[in-house]
Amino acid sequence: NAGVTQTPKFQVLKTGQSMTLQCAQDMNHNSMYWYRQDPGMGLRLIYYSASEGTTDKGEVPNGYNVSRLNKREFSLRLESAAPSQTSVYFCASTARGRGYEQYFGPGTRLTVT
Amino acid sequence: KNQVEQSPQSLIILEGKNCTLQCNYTVSPFSNLRWYKQDTGRGPVSLTIMTFSENTKSNGRYTATLDADTKQSSLHITASQLSDSASYICVVSSQYDYKLSFGAGTTVTVRA
């Protein structure tokens, strides 16, 4: 039982390049989330998926798109990376929407130059 | 806007000593409050979850308290160890919202 896994662990992009961050969970959780973490700030929600087939915007969705590929996988895509998207990205999942514990992945450290 | 404020921003303590971290929130209506531990380069890991009716919860050397009336919580670390060096994040959930409100965290450094 690996929990929540994320790939890649590190990535450097040039401005304007695109990439997809991958996330998978093996806990049969319904809900999955993408957050970004910046120095001195709390985690901020980018997008979430309450269940397979649904996705919704969070607090900071601009510049990102997501795909809930199946119950296990939830990907985050940067279509045209900008330096402001330099951050650490965390994927998380819960068994139910908001009242249950969230399990986080190890994070992806992204630098956009 | 729902907010979660943590203090201090950082602290340094000697191994074996105790410390207390504070969390104030404005989230309403309140559902639950969580404390997470985040080691450097890792994702947050849950320490405790407390609902409105709970005012104390322990997890080993970690004890969290909640005063829902004053909207304050604290996390007490007893007999600190070097492995307690981490960021501790307070997270509050609203009853009607899917979102969690995250504090910026308190960075604890334990020195030998």
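See above for the structure.
Just so it is clear, the model here is predicted, and its values are computed rather than measured. (Residues numbered from 1 in each chain as written. Chains lettered and ligands numbered in written order. Predicted model: local features only at pLDDT ≥ 70, side-chain atom pairs only at ≥ 80, totals over all residues. Heavy atoms only, no water.)

Visitor: Give me the pattern of salt bridges: which residues, what numbers.
Guide: All names here are of chain B. One pass over the full model with this rule turns up six salt bridges over all chains. Asp 39 is the salt-bridge partner of Lys 37, the closest N and O atoms lying 3.9 Å from each other. Residue Asp 39 is classed as partly exposed on the basis of its relative accessible area, which comes to 31%. (Salt bridge = Lys/Arg side-chain N within 4 Å of Asp/Glu carboxyl O. Buried < 20%, exposed > 50% of the residue type's maximum accessible area, 1.4 Å probe, protein only.)

Visitor: Explain the interface of chain B and chain A to me, using residue names and the numbers behind them.
Guide: Counting residues at the interface gives 23 residues for chain B and 21 residues for chain A. Together, the buried faces of chain B and chain A total about 1,600 Å²; carbon and sulfur atoms form 54% of this surface. Inspection of the region where chain B meets chain A yields zero salt bridges. At the junction of chain B and chain A, the tally comes to two residue pairs in polar contact (both at pLDDT 80 or more). (Contact = heavy atoms within 4.5 Å. Buried area = accessible area lost by both parts, 1.4 Å probe. Polar contact = N/O pair within 3.5 Å; in protein donor to acceptor, adjacent residues only side chain to side chain.)

Visitor: Quick one: what's the story with the sheet that holds strand β1 (residues 4-7) of chain B, residue by residue and with numbers?
Guide: Residue and element names in this part refer to chain B. Here we have five strands laid out as an open sheet, ordered β1-β3-β8-β7-β6, and antiparallel in their pairing. Looking along the sheet, the strands with just one partner apiece sit at the ends: β1 and β6 (56-59). Taken over all neighbouring pairs, the strand axes of this sheet differ in orientation by 15° on average, direction set aside. Across four bridges, β1 lies against strand β3 (residues 19-25) in antiparallel orientation. Looking at the pairing, Val 4 lines up with Tyr 25 of β3. (Pairing = 2+ DSSP bridges. Helix = DSSP H or I, 4+ residues; strand = E, 2+ residues; numbered from the N terminus. Axes fitted to C-alpha atoms, helices over the stretch in contact; angles between N-to-C directions.)

Visitor: Go over the layout of surface pockets with me, naming the residues and quoting the values.
Guide: Residue and element names in this part refer to chain A. In this structure, the largest pocket encloses a volume near 670 Å³. Here the lining of the largest pocket takes four residues from strand β11 (residues 108-112), the largest share from any one element. Tallied by class, residues from the lining of the largest pocket come to 11 nonpolar, 16 polar and five charged. (1 Å grid on protein atoms, 1.4 Å probe; cavity = no way out; pocket = protein on both sides within 12 Å on 5 of 7 lines; lining within 4 Å. Points joined across faces, edges and corners; volume = space filled by probe spheres on them. Nonpolar A, V, L, I, M, F, W, Y, C, P; charged D, E, K, R; others polar.)

Visitor: An account of the state of the cysteines is requested, with residue identities and associated values reported.
Guide: Tallied over the full model, the rule gives two disulfides over all chains. Covalent S-S linkage joins Cys23(A) and Cys91(A), the inter-sulfur distance amounting to 1.9 Å. Taking the sign of the S-S torsion, about -70° here, the bridge from Cys23(A) to Cys91(A) comes out left-handed. In this pair, Cys23(A) sits in strand β3 (residues 19-25) while Cys91(A) sits in strand β9 (residues 87-94), placing the two residues 68 residues apart along the sequence. Of the two residues, Cys23(A) and Cys91(A), both sit in the buried class. The disulfide partner of Cys23(B) is Cys90(B), and the S-S distance across this bridge is 2.0 Å. In this structure the cystine formed by Cys23(B) and Cys90(B) twists about its S-S bond by roughly -70°; its chirality is therefore left-handed. One end of the pair, Cys23(B), is in strand β3; the other, Cys90(B), is in strand β9 (residues 86-94), and 67 residues separate them in sequence. Residue Cys90(B) is classed as buried on the basis of its relative accessible area of 0%. (Disulfide = S-S within 2.5 Å.)

Visitor: Outline the pairing of β9(B), listing residues and values.
Guide: Residues and elements named next belong to chain B. Burial within β9 is extensive, with nine of its nine residues counted as buried. Bridge analysis of strand β4 (residues 30-38) against β9 gives eight bridges, and the strand direction is antiparallel. Within β9, the residue paired with Phe 30 across the bridge is Ser 94. Taken together, the three bridges between β9 and strand β11 (residues 106-111) define a ladder with antiparallel strand orientation. Directly across from Ala 86, in β11, lies its bridge partner Val 108.

Visitor: Account for the packing of aromatic side chains, with residues named and values stated.
Guide: What the rule picks out here adds up to nine aromatic pairs over all chains. A centroid spacing of 6.4 Å and a plane angle of 80° characterise the contact between Phe104(A) and Phe102(B), whose relative ring orientation is edge-to-face. Here Phe104(A), found in strand β10 (residues 103-104), pairs with Phe102(B), found in strand β10 (residues 100-102), and the two come from separate chains. Here the two residues Phe104(A) and Phe102(B) agree in accessibility, since each one is buried. For the ring pair Tyr62(B) and Tyr88(B), a centre distance of 5.9 Å and an interplane angle of 45° mean the geometry is tilted. Residue Tyr62(B) is located in strand β7 (residues 62-67), and its partner Tyr88(B) is located in strand β9; the two are separated by 26 residues in the primary sequence. Across the pair, exposure class does not vary: Tyr62(B) and Tyr88(B) are buried alike. Taken together through their ring pairs, the aromatic side chains of Tyr33(A), Tyr35(A), Tyr48(A), Phe104(A), Tyr36(B) and Phe102(B) make up a single cluster. The positively charged end of Arg61(B) is found above the aromatic ring belonging to Tyr62(B), 5.8 Å away from the centroid. (Phe/Tyr/Trp six-rings, centres within 6.5 Å; stacked < 30°, edge-to-face > 60°. Lys NZ or Arg CZ within 6 Å of the ring centre and 35° of its normal.)

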